Amino acid sequence: FPKDWLEIVFSPSFPYRLAHTVSAFFVTTAFVVLGVGAYTLLRGRFVPQGRMMLRLALWFLAIFVPAQIILGDLQGLNTLAYQPAKLAAIEGLWDGGSGVAASIVGWPDQTAERNLGEIAIPRLGSLYLTHSWDGAVKGLKDFPADQRPPVPIVYFSFRIMVGIALLMLTVVAAGFVLMARGRLDQAGWYLRLCEFTSCLGFIAVIAGWTTTEVGRQPWTVYGLLRTADSVSPSLTGSDVALSLLLYVAVYLVIYPLGLLAMLRIVRRGPVPSEAAAPIAGGRSKSPIEALTPAAAETAR
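Residues numbered from 1 in each chain as written. Predicted model: local features only at pLDDT ≥ 70, side-chain atom pairs only at ≥ 80, totals over all residues. Heavy atoms only, no water.

**Regarding the layout of surface pockets**
In plain terms, the rule: Residues are said to line a cavity or pocket when one of their atoms sits within 4 Å of a point; the points come from a 1 Å grid over protein atoms alone, cavities being sets where a 1.4 Å probe fits but cannot get out and pockets being open sets with protein on both sides within 12 Å along at least five of seven lines. Grid points are joined across faces, edges and corners, and a volume is the space filled by probe spheres set on the points. Think of it this way: any DSSP run of H or I at least four residues long counts as a helix, any run of E at least two long counts as a strand, and we number them from the N terminus. Only Asp, Glu, Lys and Arg are considered charged, only Ala, Val, Leu, Ile, Met, Phe, Trp, Tyr, Cys and Pro nonpolar, and every remaining residue, Gly among them, polar.
When its volume is computed, the largest pocket comes out at roughly 1,200 Å³. At the level of elements, helix 2 (14–42), helix 3 (47–82), helix 4 (84–91), strand 2 (102–109), helix 5 (124–130), helix 6 (151–180) and helix 8 (200–215) are the ones that each hand at least two residues to the lining of the largest pocket. In terms of residue class, the lining of the largest pocket is built from 22 nonpolar, 14 polar and six charged. Of the pockets and cavities examined, the second largest pocket occupies roughly 1,000 Å³.

**With respect to the packing of helix 2 against helix 7 (residues 188–197)**
In a pair of packed helices, the angle between the axes and the distance between the axes together describe the arrangement. The line we're drawing: Between N-to-C directions, angles cover 0 to 180 degrees, with each direction set by a line fitted to C-alpha atoms, over the stretch in contact for helices. Here is the rule for angles: anything less than 35 degrees is roughly parallel, anything more than 145 is roughly antiparallel, 65 through 115 is roughly perpendicular, and the remaining ranges are oblique. By definition, turning the near helix anticlockwise from the far helix through less than a right angle yields a left-handed crossing, and turning it clockwise yields a right-handed one. When checking whether two residues touch, look at their non-hydrogen atoms; a contact exists if any pair is within 4.5 Å.
Running from amino to carboxyl end, helix 2 crosses helix 7 at an angle of 140 degrees, the nearest separation of the two axes being 7 Å. Relative to helix 7, the element helix 2 lies oblique. Regarding helix 2 and helix 7, the two cross each other, and that crossing is left-handed. Touching Phe31, Leu34, Gly35, Ala38, Tyr39, Leu41 and Leu42 of helix 2 are Gly188, Leu191, Arg192, Cys194, Glu195 and Thr197, all from helix 7. Partitioned by chemical class, the residues of the contact of helix 2 with helix 7 number eight nonpolar, three polar and two charged.

**Some thoughts on the side chain of Asp185**
Counted only if it meets this: By the criterion applied in these results, polar contacts are pairs of N or O atoms within 3.5 Å in which, for protein atoms, one can donate a hydrogen and the other can accept it, and in which residues neighboring in sequence qualify only through two side-chain atoms.
Within the element layout of this structure, Asp185 appears in the loop between helix 6 and helix 7. For Asp185, the side chain forms a polar contact with the side chain of Arg55, separated by 2.9 Å.

**Structural notes on the side chain of Thr28**
Definition in use: Buried, partly exposed and exposed residues are distinguished by accessible area as a fraction of the type maximum, computed with a 1.4 Å probe on protein chains only: under 20%, between the cut-offs, and over 50%, respectively.
Turning to its location among the elements, Thr28 is positioned in helix 2. Residue Thr28 is classed as buried on the basis of its relative accessible area, which comes to 7%. Ignoring anything within four residues of it in the chain, the contact list for Thr28 reads Gly201, Phe202 and Val205.

**With respect to the packing of helix 2 against helix 8**
Between helix 2 and helix 8, the shortest axis-to-axis distance is 8 Å and the interhelical angle comes to 160 degrees. Taken together, the axes of helix 2 and helix 8 lie roughly antiparallel to each other. The two elements helix 2 and helix 8 meet at a crossing, and its hand is left-handed. Contact residues: helix 2 offers Arg17, Ala24, Phe25, Thr28 and Val32, while helix 8 offers Gly201, Phe202, Val205 and Thr212.

Structure, rendered in structure tokens:
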């Protein structure tokens, strides 16, 4: 039974995951702004607003994309300390030790306990995982088979997230090069690329969520409570299936409708405000002074 809810909520990974997740949402939103600005410029509509959106988004991303990478590195160090089996699955690392290689791409074979067709760089894994060429890292074979997460899912979802982060960094760097040359608004290929990147943040967030949630399996509470033991005995398989189907149905309605509404707003562009014009200057009258003489007399 839980002994301290504060200790549960504010776990050792809490500050790193919170910072990494929140900054990811900021980056995702900024890339949408970047894409909408590029959309308006390509079509020659609302050009001043599009130019402003493009530049503000690039300056924001120039700060937050590198910060997101740094926060991800800090979270990796935390995962190494508190969830080593997850980290081994992320890296596709079967044999632990010092000076481990970095697996760039391959296919994790859980039966053979090795990676098929792997491309790896010697000792690089220890460098970015421990910040030391000779840093020690545990491998998947250091854990019982029933305490390892599904390796292929974790391995590939992490690489999707990291690959998108590197692409984002490239897009931002290219934007600043074009800006310095005075060609940012006229480079059609770059503006079309910005439109494409509008969706990348969402994919990266889902990939990161998959890495985190699947990577901690088979644990609900890492090392203490297994997922199989945390399911309510009153729930049946049909109950879970029905709940999942209802969630899918709701989201299949919410997401398309929300996307259509946002696309309509983007196509329509900025519209003049229907609010009353503000007072140009001076002090507004007091409520009594603003009344007509007759109304003022009645108010008294």
